[in-house]
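Here is how the chains run, residue by residue.
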Protein chains: 4
Amino acid sequence: MENKIINLAVIGLGRIGKIHANNINNNIPGVNLFAVADIYEDALKDIEADSLELVTTDYHEVLKSPDIDGVLICTSTETHAEIIIEASEKGKHIFCEKPIALQMEKIDKALSAVEENNVIIEIGFNRRYDPNFNKAQKLIEKGEIGKPVQIVIISRDPAPPDEQYIAGCGGMYLDMTIHDFDMARFLLGEEIVEIMATGNCLIDNNFAKHGDIDVSTVSFTSESGCVGTIINSRKSSYGYDNRAEVLGAEGSIEVENRKDTEVKIKKENGIVNDKLMHFFTERYAQAYIEEIKDFAKCIREKTTPLASGHDGKMAFKLGQAAKKSLEVQGKVKV
Amino acid sequence: MENKIINLAVIGLGRIGKIHANNINNNIPGVNLFAVADIYEDALKDIEADSLELVTTDYHEVLKSPDIDGVLICTSTETHAEIIIEASEKGKHIFCEKPIALQMEKIDKALSAVEENNVIIEIGFNRRYDPNFNKAQKLIEKGEIGKPVQIVIISRDPAPPDEQYIAGCGGMYLDMTIHDFDMARFLLGEEIVEIMATGNCLIDNNFAKHGDIDVSTVSFTSESGCVGTIINSRKSSYGYDNRAEVLGAEGSIEVENRKDTEVKIKKENGIVNDKLMHFFTERYAQAYIEEIKDFAKCIREKTTPLASGHDGKMAFKLGQAAKKSLEVQGKVKV
Amino acid sequence: MENKIINLAVIGLGRIGKIHANNINNNIPGVNLFAVADIYEDALKDIEADSLELVTTDYHEVLKSPDIDGVLICTSTETHAEIIIEASEKGKHIFCEKPIALQMEKIDKALSAVEENNVIIEIGFNRRYDPNFNKAQKLIEKGEIGKPVQIVIISRDPAPPDEQYIAGCGGMYLDMTIHDFDMARFLLGEEIVEIMATGNCLIDNNFAKHGDIDVSTVSFTSESGCVGTIINSRKSSYGYDNRAEVLGAEGSIEVENRKDTEVKIKKENGIVNDKLMHFFTERYAQAYIEEIKDFAKCIREKTTPLASGHDGKMAFKLGQAAKKSLEVQGKVKV
Amino acid sequence: MENKIINLAVIGLGRIGKIHANNINNNIPGVNLFAVADIYEDALKDIEADSLELVTTDYHEVLKSPDIDGVLICTSTETHAEIIIEASEKGKHIFCEKPIALQMEKIDKALSAVEENNVIIEIGFNRRYDPNFNKAQKLIEKGEIGKPVQIVIISRDPAPPDEQYIAGCGGMYLDMTIHDFDMARFLLGEEIVEIMATGNCLIDNNFAKHGDIDVSTVSFTSESGCVGTIINSRKSSYGYDNRAEVLGAEGSIEVENRKDTEVKIKKENGIVNDKLMHFFTERYAQAYIEEIKDFAKCIREKTTPLASGHDGKMAFKLGQAAKKSLEVQGKVKV
């Protein structure tokens, strides 16, 4: 099976679905964009690929096709679980954007179906596939800084999303911090056991309107006692700010931001570097390619993806715990 | 009084007392090192200054001298309050190393004496006088980044102190974090109202032995709702790590570390910059000069120092609240 | 013609030819990889593209095909001129790797053919298309730093090439510095009029063996008197080092290198950043895409490429002048 | 003699003389400011020191005083040689600002007197004593980057001096580049044997008026064949720009500039770092202290200073050679 072309289908052609469709078509050797599905006919028009055999507004058609090896679920969150279940039953391998669902019960059902049907599931925690964070993880794992004692993750979006997005995203901890929880688990290689959350709405009143916050600090401890901090903001002004630092017994590893260019202007008012890359689509362009490469590799070699279904579940659990900690204003055991 | 030479005395000639004595003698125009006092005769031998009129093992001698305008209290913490009271009563202006005391009652008594006797008190929050943090504060105050919504302060010592120091320092929050609380109040220009602390002992068992921690995250909110984070560690390996970042509605201001030199080695294994400056004595050499300049200026002009007695009290209060939050494992109102 | 798909052919499938073939196939909208040609049958096997209609060991076949709009000449230097002439006569637009030829006479003949047949020629000065250098040029052009008075360009290869390459490359000034001469003309927007070259062979004896040097400084003045410096080395050890700085009457613009990742290790021995990107294929990956996009756009809109035939000729002229300056050990007028 | 206080005198109390007088008085243990001399009585008024025994408008008085161990010659250049000779004859050790003289004959006479009278002479090449350049030199010497094959030195003043200074300074190569020639000799640890200079007047017409240039590139080769480049400008706009880079067979060492502070503003228009330190007085504050410490140490231990009389002569010789190269528009042997 090593050299077989893997036929993939993308279900849901929003911003992220289109990124995946384009990468499958152009940037990843050994895969075909075999089918696309979206409930809006208009979305389907944008996709062009010589290998496309099936273009449909009904994703069930995709799941029925015997030629498809794996599906990418890029639809809205509330539909993820049921598509996962159906895809599993049809024996399709699954790549699913995070979060799996907004209820733990649904997540558990979906992952049970995956397990029973013995298909692969990869969750879209793209940052694990970023060459920067990936290298940091490997260095920590091989002991470069000794045992981790502190981790600090900073994630700030350049500007708040629109109100519709705010209303449906599940709140900061399930929409934004969930990525950082996953990063903490990834870099530390162990589970988080206690969480304390502090937050506020200071940037955009729409968050408060929907019971949400826009600035936050979450502190936590891991199994081995490592003390962690996740700092989030819905606005940064200077680009997409996404950093991490792990302090170990023998030193520290830092992942810094990338700038648009390495052009520098030196004048009387100071030394001006370029802004940070604008947003996640620019910052993680390579990571989006790498995660689908891993998906294809896992299908081919029957191995577990770097971002597994279990990782999707655990990050959700931590997001929920942070939400609860904010409510009870104190420490929450996970 | 503008051109009068200010006669100063240093009481307590440990590491920090010697730094002050040397700076008064050499680096600050318009001041004289008139007297030094230390209970150990040996400590007195190291101090040389043409202006020295009084060298004594009994600090009461110093306070009695009519020629002395101000005293620097650099003795061990438990003696600060009583020396402040006595100096106030003798009409001496006071520079006191932090913390004022380890009991709020003693702090209040000391500050009452200061007020009743109408003398000036400056607290040794040296970082306020560092050109880097000082510039950041001015930029924030004049609105460079808009209203602050997040503040992140990282302070890590290069290596843990010895056990004797650990036993008597009052714990991480009153010994180390107290500086960061003061920095938060300084940069934000407002009070902190709620605190949550998380910490652990992972680096040096001596901390646990004395009921203390060596890694910590403190999150807090200020009066206006700004969400803050203070991250501390008793060991960094790569030098003294002392940074701050304030995110405002329109951008961010960051204060980064200084390195020993700007020498860079570029080889096959990477691009190696010099380490961070070793410890606070190197990093804040200029700040130690500036704070005594401010003390002399305040004596001359009868104004309030940048780091006042009130600042000393408030930082202590926050340190205590953090301690309590760690105990109760939840949010504490200040 | 705006929406017509442009059919392109790549002649010569060495390292650089393969990069172009792959980019045309995958990364550039609106173009087809219609044909490839290489004298070695083996080289042809590596190329796969659904749009490929012609795969041949005889490039004349390519030039005869009526469906091809433009050809990319990626063969060895000594064949460039004759293929340019033949392609021009067949009405094919031309992208040609640098240098056009190693004799001025041949360059002139080739460019005459291009002009007579009214086809477009773009020269592979990829750095003009790099987002970093491109942005710097635009900033200078719009007056960000005032009139340029100094330019400094540093280019160092990570390691020397093999002897065969050394023997046939035309020497440092025509192989390596030619790119920097083009960059100087590009950033300054004017001609270079005087040149002085100093160099030596210190890194690899193969250079001396073939009458070549491996470290060099070329200084020059432009029409307006701007003083320039190009610093080259055939070995850097720490990755591909390619920087530029233009000092103007009101400030300076610097283009710095990119590193492999933004991962930083901070330990007792210093703060270690990642190495520079390994070589030009990594550093200019985006530029190789952009230059072919420009080629397609110029074919479509009948405009002149950012790197024109004239630019190819001028850079060669400057390389020759540098060579002569090294011989005569003095200043040479261009 | 190890613990003897060294009595020093400063002759000439211009900007640099005052820096030395102040450092001797305040920042250097084991030395006394015993005497000061200046032809202007007003200049003498600014100097205060408890140790001052002699304040005079006639420097001969200073040289006659039997209590003085060493003199610092900070007068205008044309008087250096004769004061050196007289001081030597009186057995005084000598620190002399650069250049020793503007005629080689005078330099030779001065250094002969020094040798005959067996006194120490140190030249004010302050950069050798800067912790940054000093560390770089030591790393190169101990083989950190292998054999040096390229050196690049960039020195730019923030703004041009006034016309009076321009008229008397000896031209760019003897006033500015002379420091860089010394740095090249210092970092490489060997002599420069060939020089080529290119320059122009583009910034301030006063330079052209006095037959001088304001932008320049000097390329050179050392005894072992290392190819060097010195890039100078009389204006930088963004602070005092003073860098160096040495490429060796196994890597590169870079000395970068220091900024005023490590404060960074991140906003929509980019990431703004602080300016470079304003000028040499700020940038080399520590170096001015270190060079006098070395002077005192050499007097005490009868050793040769890091910046010797021979170094002063050689740098002058190279400055002259650069001047000649600019005239003859070609390579000049030193």
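The text that follows walks through the structure, step by step, so that each part is easy to find. These numbers were taken from a predicted model, which means no experiment stands behind them.

Every contact between the two is made by 44 residues of chain A and, on the other side, 44 residues of chain B. Surface buried jointly by chain A and chain B totals about 3100 Å² across both partners, of which 56% is contributed by carbon and sulfur atoms. Between Arg243(B) and Glu245(A) there is a salt bridge, and its shortest N-O distance comes to 3.2 Å. For the pair chain A and chain B, the interface holds 19 residue pairs in polar contact (both at pLDDT 80 or more). For the side of chain A that touches chain B, the per-class residue count stands at 15 nonpolar, 20 polar and 9 charged.

In this section: the sheet that holds strand β3 (residues 54–56) of chain C. Residues and elements named next belong to chain C. An order of β3-β2-β1-β4-β5-β6 is seen for the 6 strands of this open sheet, with the pairing classed as parallel. With partners counted over all chains shown, the strands left at the sheet margins are β3 and β6 (121–123), one partner each. Taking the axes of each pair of neighbouring strands and ignoring which way they run, one obtains an average angle of 20° across the sheet. Pairing analysis gives 4 bridges linking strand β4 (residues 70–73) to strand β5 (residues 93–96), with the strands arranged parallel.

Between the two copies, chain C and chain A, the superposition gives an RMSD of 0.0 Å; the rotation angle is 180° and the shift along the axis is 0.0 Å. Viewed as a symmetry operation, the transformation between the two copies matches a two-fold axis. Minimal C-alpha separation from the rotation axis in chain C is found for Asn26(C), amounting to 2.4 Å. Looking at chain C, 100% of its interface residues are interface residues in chain A too, so the copies touch through the same face.

Here the focus is the environment of Leu326(C). Residue and element names in this part refer to chain C. Topologically, Leu326 is positioned in helix α13 (residues 309–328). Leu326 sits in the partly exposed class, given a relative accessible area of 25%. In contact with Leu326, not counting residues within four places along its chain, are Tyr173, Ala197, Thr198, Gly199 and Ile213.

This part takes up the interface of chain C and chain A. In this assembly, 30 residues from chain C lie in contact with 30 residues from chain A. Taken together, both faces of the contact between chain C and chain A bury some 2700 Å²; the carbon and sulfur share is 43%. Inspection of the region where chain C meets chain A yields 10 salt bridges. When the shortest N-O distance is used, the salt bridge between Lys267(C) and Glu144(A) registers 3.4 Å. Between the two partners, chain C and chain A, sit 21 residue pairs in polar contact (both at pLDDT 80 or more). If you list the elements that add at least two residues to the side of chain C that touches chain A, you get α6 (131–141), β12 (251–255) and β13 (263–267) of chain C. In terms of residue class, the side of chain C that touches chain A is built from 8 nonpolar, 7 polar and 15 charged. As judged from the 4 bridges shared by strand β13 (residues 263–267) of chain A and β12(C), these two strands associate in the antiparallel manner. Bridged to Lys266(A) within β12(C) is Ser252(C).

Turning our attention to the packing of aromatic side chains. Residue and element names in this part refer to chain A. Per the stated rule, a full pass over the model turns up 16 aromatic pairs over all chains. Geometrically, the ring pair formed by Phe279 and Phe280 is edge-to-face, given 4.8 Å between the ring centres and 70° between the ring planes. Among the aromatic residues, those joined into a ring-pair cluster are Tyr240, Phe279, Phe280 and Tyr284.

Attention now moves to the nonpolar core. One finds Val71(B), Ile94(B), Val71(C) and Ile94(C) to be the most contacted residues of the largest nonpolar core, which totals 204 residues. Setting aside residues no more than four positions away along its own chain, Val71(B) makes contact with Ala9(B), Ile11(B), Val62(B), Leu63(B), Ala87(B), Lys92(B), His93(B), Ile94(B), Phe95(B) and Phe295(B). With 203 residues, the next largest nonpolar core counts Phe133(A), Ile178(A), Ala35(D) and Ala287(D) among its residues.

The rules behind the values
- Residues numbered from 1 in each chain as written.
- Chains lettered and ligands numbered in written order.
- Predicted model: local features only at pLDDT ≥ 70, side-chain atom pairs only at ≥ 80, totals over all residues.
- Heavy atoms only, no water.
- Contact = heavy atoms within 4.5 Å.
- Buried area = accessible area lost by both parts, 1.4 Å probe.
- Salt bridge = Lys/Arg side-chain N within 4 Å of Asp/Glu carboxyl O.
- Polar contact = N/O pair within 3.5 Å; in protein donor to acceptor, adjacent residues only side chain to side chain.
- Nonpolar A, V, L, I, M, F, W, Y, C, P; charged D, E, K, R; others polar.
- Pairing = 2+ DSSP bridges.
- Helix = DSSP H or I, 4+ residues; strand = E, 2+ residues; numbered from the N terminus.
- Axes fitted to C-alpha atoms, helices over the stretch in contact; angles between N-to-C directions.
- Least-squares fit on C-alpha atoms with pLDDT ≥ 70 in both.
- Buried < 20%, exposed > 50% of the residue type's maximum accessible area, 1.4 Å probe, protein only.
- Phe/Tyr/Trp six-rings, centres within 6.5 Å; stacked < 30°, edge-to-face > 60°.
- Core = buried A, V, L, I, M, F, W, Y, C linked by side-chain atoms within 4.5 Å.

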